[in-house]
Amino acid sequence: MSDAPPEVVAAKRLARKTLEAVVYGLVVALFVAGASAFLELSGRGTLYTTKHVLFWVGFALLAYASFQLRPPSPRGSNRPDSDRFVTSGDDRQKKADTTVGGRRETRLERLVSWLPPVRWFAIAPDDRFSVHAKLFLAAVFMLALSMAMEFVFGIARPGVASVAAVFIG
């Protein structure tokens, strides 16, 4: 047993969960960015399309994760026929459910748990944020990276910067 107060234990638990979610989001975002950059740099030699791939994949992933994170409808819970549209007879929806509690560790979660910041402490699969919450965070990272590529690093369509310089300067 720990001598720490319950508030400290809860704060440490939340910090571990948050660190694991951040590393998960970064791994997904960097994988998409790296794969797109590799394919683009092997062809054209610019990162213009990678910026757009990050934006559109991030936008689509944000929409998907937001849809999956929505709470269940309170109206549909008391209707007797509401369950027949959720499952298709063999409970595939319940098996694929990735909410917190009673779930297995995914392959990507195993990879993330092997990476250095997360490998220093153990998190049970039931104690993690849901996969959809982590995908939401990955989408935010992708959109932020796309914005940074455009506004900070100046990656734009070839020739646009010189046209903008004529009008601005």
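Scope of this entry: the structure provided in the associated data block. (Residues numbered from 1 in each chain as written. Predicted model: local features only at pLDDT ≥ 70, side-chain atom pairs only at ≥ 80, totals over all residues. Heavy atoms only, no water.)

1. Thoughts on the packing of helix α1 (residues 6-41) against helix α2 (residues 48-69)
Thought 1: In the contact formed by α1 and α2, the axes pass within 9 Å of each other and the chain directions differ by 145°. In this structure, the crossing between α1 and α2 has a hand that is right-handed. Listed contacts from α2 to A29, V32, A33, S36, A37 and E40 of α1 are Y48, T49, T50, V53, L54 and V57.
Thought 2: Of the residues contributing to the contact of α1 with α2, the split by class is eight nonpolar, three polar and one charged. (Axes fitted to C-alpha atoms, helices over the stretch in contact; angles between N-to-C directions. Helix = DSSP H or I, 4+ residues; strand = E, 2+ residues; numbered from the N terminus. Left-handed = near helix turned anticlockwise from the far one by under 90°. Contact = heavy atoms within 4.5 Å. Nonpolar A, V, L, I, M, F, W, Y, C, P; charged D, E, K, R; others polar.)

2. Quick notes on helix α6 (residues 131-151)
Thought 1: Along its 21 residues, α6 runs 30 Å from first to last C-alpha, staying within 8% of the 30 Å computed at 1.5 Å per residue.
Thought 2: Burial in α6 covers these residues: V131, H132, K134, L135, A138, A139, M142, L143, S146 and M149.
Thought 3: For α6, the elements touching its buried residues are α1, α2 and α4 (107-114). (Expected span 1.5 Å × (residues − 1). Buried < 20%, exposed > 50% of the residue type's maximum accessible area, 1.4 Å probe, protein only.)

3. Looking at the pattern of salt bridges
Thought 1: Evaluation of the coordinates by the stated rule reveals two salt bridges.
Thought 2: K134 is the partner of E20 in a salt bridge, and the nearest nitrogen-oxygen pair spans 3.1 Å. Of this pair, E20 sits in helix α1 while K134 sits in helix α6, and the two are 114 residues apart along the sequence.
Thought 3: With a relative accessible area of 0%, E20 lands in the buried category.
Thought 4: K51 is the partner of E150 in a salt bridge, and the nearest nitrogen-oxygen pair spans 3.4 Å. (Salt bridge = Lys/Arg side-chain N within 4 Å of Asp/Glu carboxyl O.)

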